[in-house]
Amino acid sequence: MADLLHDFHTHTFLSDGELSPVELIRRAHVRGYRVIGVADHAGPGNLLDVVRQLVEACAFCQRHWDIRALPGVELTHLPPIAIAEAAREARMLGAEIVVVHGETPVEPVPPGTNWAAIRSPDVDVLGHPGFLSSEEAVAARELGVFIELSARRGHSLANGHVARACLEAGSRLIVDSDAHHPDDLLTRALAAKVARGAGLTQDQVDTVLNENPVALLERLARRKEGNLR
Ligand SMILES: [Zn+2]
Ligand SMILES: [Zn+2]
């Protein structure tokens, strides 16, 4: 249990990643993953195609390899007012995990995106939220939205800030690769370094790498049973 690898945020060539969904999942499995979320950049226009293809690829991989593959989307650069509806649509199309591309310090993501993501009932993970406010971190705790520490260059610049805000608020953190290339996939050692580098103690690292991913999977299971709201 202690060395299971979870990663809820990766990309394929259905958006700007390099690999096909099947190859990404296969390489993750070889790397030691037992759970992978495939969350390609999506929004109005490509939501249907992305979700449909990922649902098929994830189901195929789960039949052949011992890995849980979650089809999903990362809602990216949408006007905040459109996020809740896009998340609901993704869910209805079959997305099992909905990530929102948060207010990273390295891109002009619309201000208000973090808030809109946290308050959208169909969003599970706020990715790389940059300068997350303490009010947002408290709301994430209350609404059960998971906040991401990112292993990705650029997005990771604010990890220390994100970790502090979430630890103070009691909201739950996870570490994701945001992989676009096979070399970006996590190892346990890299995930631990991301968490330690964000300022977490060893106990907090253990919680973030072991307990929180299980709690997120439980949230997804409750959602599937219709018991989340
Ligand atoms: Zn992103
Ligand atoms: Zn991403």
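Residues numbered from 1 in each chain as written. Chains lettered and ligands numbered in written order. Predicted model: local features only at pLDDT ≥ 70, side-chain atom pairs only at ≥ 80, totals over all residues. Heavy atoms only, no water.

### Examining the overall build of the protein chain
And step 1. Scanning the protein chain from terminus to terminus reveals eight helices and seven strands.
And step 2. A compact globule built from 229 residues should have a C-alpha radius of gyration of about 17 Å, and the protein chain, at 16 Å, falls within 12% of that.
And step 3. Relative to its full complement of 229 residues, the protein chain shows a buried share of 52%. (Helix = DSSP H or I, 4+ residues; strand = E, 2+ residues; numbered from the N terminus. Rg over C-alpha atoms; globule rule 2.2 N^0.38 Å. Buried < 20%, exposed > 50% of the residue type's maximum accessible area, 1.4 Å probe, protein only.)

### Describing the coordination of the zinc ion (ligand 2)
In ideal tetrahedral geometry, four donors around a metal make angles of 109.5 degrees, whereas ideal octahedral geometry with six donors gives angles of 90 or 180 degrees.
And step 1. Surrounding the zinc ion (ligand 2) are the protein donor atoms His 9 (NE2), His 11 (NE2), Glu 74 (OE) and Asp 178 (OD), which sit 2.0 to 2.2 Å from the metal.
And step 2. The site at the zinc ion (ligand 2) holds four donor atoms, and with the angles between them running 86 to 172°, its shape is irregular.
And step 3. Every donor residue of the zinc ion (ligand 2) comes from the same chain, spaced as H-x1-H-x62-E-x103-D.
And step 4. Distance-wise, the zinc ion (ligand 1) is placed 3.2 Å from the zinc ion (ligand 2), both being coordinated by Glu 74. Note that His 11 is positioned in the loop between strand E1 (5–10) and helix H1 (21–31) and Glu 74 in strand E3 (residues 68–75), a separation of 63 residues in sequence. (Donors = N, O, S within 2.8 Å, 3.2 Å for Na, K, Ca; no water. Tetrahedral: all angles 85-135°; square planar, octahedral: opposite > 155°, others 65-115°.)

### Here we look at the pairing of strand E7 (residues 173–176)
And step 1. Here E7 shows no split at all, with Leu 173 and Val 175 on one side and Ile 174 and Asp 176 on the other all buried.
And step 2. Direction of pairing for strand E6 (residues 146–150) relative to E7: parallel, over a ladder of four bridges. Opposite Glu 148, over in E7, you have Ile 174 as the bridge partner.
And step 3. Regarding topology, helix H6 (residues 159–169) serves as the crossover connection from E6 to the parallel E7, and that connection is right-handed. (Pairing = 2+ DSSP bridges. Right-handed = clockwise from strand over helix to strand, strands pointing away.)

### Thoughts on the packing of helix H7 (residues 188–197) against helix H8 (residues 202–224)
And step 1. Between H7 and H8, whose axes approach to 10 Å, the crossing angle comes to 125°. Judged by the inter-axis angle, H7 sits oblique to H8. Between H7 and H8 lies a crossing of right-handed hand. Note on element contacts: H8 touches H7 through Gln 202, Val 205, Leu 209 and Asn 210, opposite Arg 188, Ala 191, Ala 192, Ala 195 and Arg 196.
And step 2. Residues that form the contact of H7 with H8 fall into these classes: five nonpolar, two polar and two charged. (Axes fitted to C-alpha atoms, helices over the stretch in contact; angles between N-to-C directions. Parallel < 35°, antiparallel > 145°, perpendicular 65-115°, else oblique. Left-handed = near helix turned anticlockwise from the far one by under 90°. Contact = heavy atoms within 4.5 Å. Nonpolar A, V, L, I, M, F, W, Y, C, P; charged D, E, K, R; others polar.)

### So, unusual backbone geometry
And step 1. You will see that His 77, though not glycine, has its phi angle at about 55°, which is positive.
And step 2. Inspection of the secondary structure assignment puts His 77 in the loop between E3 and helix H3 (83–93).
And step 3. In this model, Asp 178 sits at a positive phi of 55°, which is unusual for a non-glycine residue.
And step 4. In this structure, Asp 178 sits in the loop between E7 and H7.

### So, the pairing of E6
And step 1. The buried fraction of E6 amounts to five of the five residues, a majority that puts the element mostly inside the structure.
And step 2. Residues Phe 146, Glu 148 and Ser 150 point to one face of E6 and Ile 147 and Leu 149 to the other, with burial holding for every one of them.
And step 3. Across two bridges, the pairing between strand E5 (residues 125–127) and E6 is parallel. When the sheet's bridge partners are listed, Leu 126 is paired in E6 with Ile 147.
And step 4. Note on the crossover from E5 through helix H5 (residues 134–143) to E6: the handedness is right-handed.

### Topic: the nonpolar core
Generally speaking, soluble globular proteins have nonpolar side chains that are buried together.
And step 1. Within the largest apolar cluster, 58 residues are counted, with the highest numbers of intra-cluster contacts made by Ile 36, Val 73, Leu 75, Leu 173 and Val 175.
And step 2. Looking at this core element by element, the count peaks at six residues for helix H2 (residues 47–64).
And step 3. Apart from the residues within four sequence positions on either side, Val 73 is in contact with Val 38, Ala 39, Asp 40, Ala 42, Leu 47, Val 50, Val 51, Ala 90, Ile 97, Val 98 and Val 99.
And step 4. With 13 residues, the next largest nonpolar core counts Val 35, Ile 97, Phe 146 and Leu 217 among its residues. (Core = buried A, V, L, I, M, F, W, Y, C linked by side-chain atoms within 4.5 Å.)

### Quick word on H3
And step 1. Within H3, the full set of buried residues consists of Ile 83, Ala 86, Ala 87, Ala 90 and Arg 91. Taken end-on, H3 shows its buried residues confined to a sector of 140°, consistent with a single buried face. Away from its buried face, by an angle of more than 90 degrees, H3 presents the exposed residues Glu 85 and Met 92.
And step 2. In the core, the buried residues of H3 are packed alongside H2, E3, strand E4 (97–101), helix H4 (113–119) and H8.
And step 3. Immediately beyond the C-terminal end of H3, within one or two residues, lies Gly 94, with a positive phi of roughly 120°. (Arc of directions from axis to C-beta.)

Honestly, it's all geometry; don't read function into it.
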